[in-house]
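# Examination of the molecular architecture
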Amino acid sequence: MAEDEGPVRVDSWIWSVRLLKTRSMAAAACRAGHVRVNDERAKPAQTVKPGDEVRLRHDGRERVVVVSKPIRKRVGAEVAVQCYTDHSPPPPPREHTAVVAVRDRGTGRPTKRDRREIERLHKL
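I will try to describe carefully the structure that is included in this document. On a predicted model such as this, the values are computed, not experimentally measured, just so you know. (Residues numbered from 1 in each chain as written. Predicted model: local features only at pLDDT ≥ 70, side-chain atom pairs only at ≥ 80, totals over all residues. Heavy atoms only, no water.)

### Here we look at the overall build of the protein
- Within the protein, the regular secondary structure consists of four helices and seven strands.
- In the protein, the succession of helices and strands from N to C terminus is β-α-α-β-β-β-β-β-α-β-α.
- Per-residue burial for the protein yields a buried fraction of 29% across its 124 residues.
- Within the protein, contacts between residues at least 6 apart in sequence are counted, and of these 45% link residues at least 24 apart.
- As displayed, the protein offers around 8800 Å² of accessible surface, 50% of which is attributable to carbon and sulfur atoms. (Helix = DSSP H or I, 4+ residues; strand = E, 2+ residues; numbered from the N terminus. Buried < 20%, exposed > 50% of the residue type's maximum accessible area, 1.4 Å probe, protein only. Contact = heavy atoms within 4.5 Å. Areas by Shrake-Rupley, 256 points an atom, 1.4 Å probe, with all protein chains shown as cover.)

### Observations regarding the sheet that holds strand E5 (residues 53–58)
- On the basis of which strands lie adjacent, the open sheet formed by five strands has the order E3-E2-E5-E6-E7 and antiparallel pairing. This sheet does not close on itself; its edge strands, each paired only once, are strand E3 (40–41) and strand E7 (84–86).
- The pairing of E5 with strand E6 (residues 61–67) spans six bridges and is classified as antiparallel. Looking at E6, one finds that Val54 is bridged to Val65. (Pairing = 2+ DSSP bridges.)

### So, a positive patch on the surface
- A surface patch of positive charge is lined by Arg109, Lys112, Arg115 and Arg116.
- Within the secondary structure, Lys112 is located in helix H4 (residues 112–123).
- Taking the relative accessible area as the measure of exposure, Lys112 reaches 53% and is therefore exposed. (Patch = residues over 30% accessible without salt bridge, like charges linked within 9 Å, V, L, I, M, F, W, Y side chains within 5 Å. Salt bridge = Lys/Arg side-chain N within 4 Å of Asp/Glu carboxyl O. Lys, Arg positive; Asp, Glu negative; His and termini not counted. Charge placed at Lys NZ, Arg CZ, Asp CG, Glu CD.)

### Overview of H4
- The terminal C-alpha atoms of H4, which comprises twelve residues, lie 17 Å apart, in line with the 16 Å expected from a rise of 1.5 Å per residue.
- Across the twelve residues of H4, zero count as buried, placing the element largely on the outside. (Expected span 1.5 Å × (residues − 1).)

### Description of the nonpolar core
- Of all hydrophobic cores here, the largest spans 23 residues; its most connected members are Val10, Trp13, Ile14, Val17, Leu19, Val35 and Val54.
- Put simply, the parts of the chain that give this core at least two residues each are helix H1 (10–16), helix H2 (23–31), strand E2 (35–37), E5 and E6.
- Here Trp13 is in contact with Val8, Leu19, Val48, Val54, Val65, Val67, Lys69, Pro70, Ile71, Cys83 and Tyr84, once residues within four sequence places are set aside. (Core = buried A, V, L, I, M, F, W, Y, C linked by side-chain atoms within 4.5 Å.)

### Examining the side chain of Arg63
- Structurally, Arg63 is set in strand E6.
- Arg63 gets classed as buried once you look at its relative accessible area, which sits at 19%.
- Among the polar contacts made by the side chain of Arg63, one reaches the side chain of Asp86 at a distance of 3.2 Å.
- There is a polar contact of 3.5 Å between the side chain of Arg63 and the side chain of Ser88.
- Among residues more than four places away in sequence, those in contact with Arg63 are Leu19, Val54, Arg55, Leu56, Tyr84, Asp86 and Ser88. (Polar contact = N/O pair within 3.5 Å; in protein donor to acceptor, adjacent residues only side chain to side chain.)

### Some points on the environment of Leu56
- The residue Leu56 is located in strand E5 in this model.
- C-alpha separation for the pair Leu56 and Leu19, spaced 37 residues apart in sequence, amounts to 8.5 Å.
- Ignoring anything within four residues of it in the chain, the contact list for Leu56 reads Ile14, Leu19, Leu20, Ala29, His34, Val35, Arg61, Glu62 and Arg63.

Set out below in structure tokens:
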């Protein structure tokens, strides 16, 4: 890995530092407007350089990172963390996430009683 690779595509960088699982997901997030570089909407081919602030909305959470080292190739998690400075707000506590009604597979159609319990969970 070269120390100073110069500017790198934002979708490639997001994938390289493991903020998203695939490069196509990173490109789709850019096209959907979920990625901002220095408070401006980013297209997948936009370049990032050291000092740029990248904001990514994914899975109901906003990640705010500052590029410290642009890289093109995907690296291990320990190396990836050294390539950016994370300024993201902490994730919401687990108790604030929505309750989802789950039924066991193969139990058939819910009875009237089951539906009432599911509706009661949705009102919480």
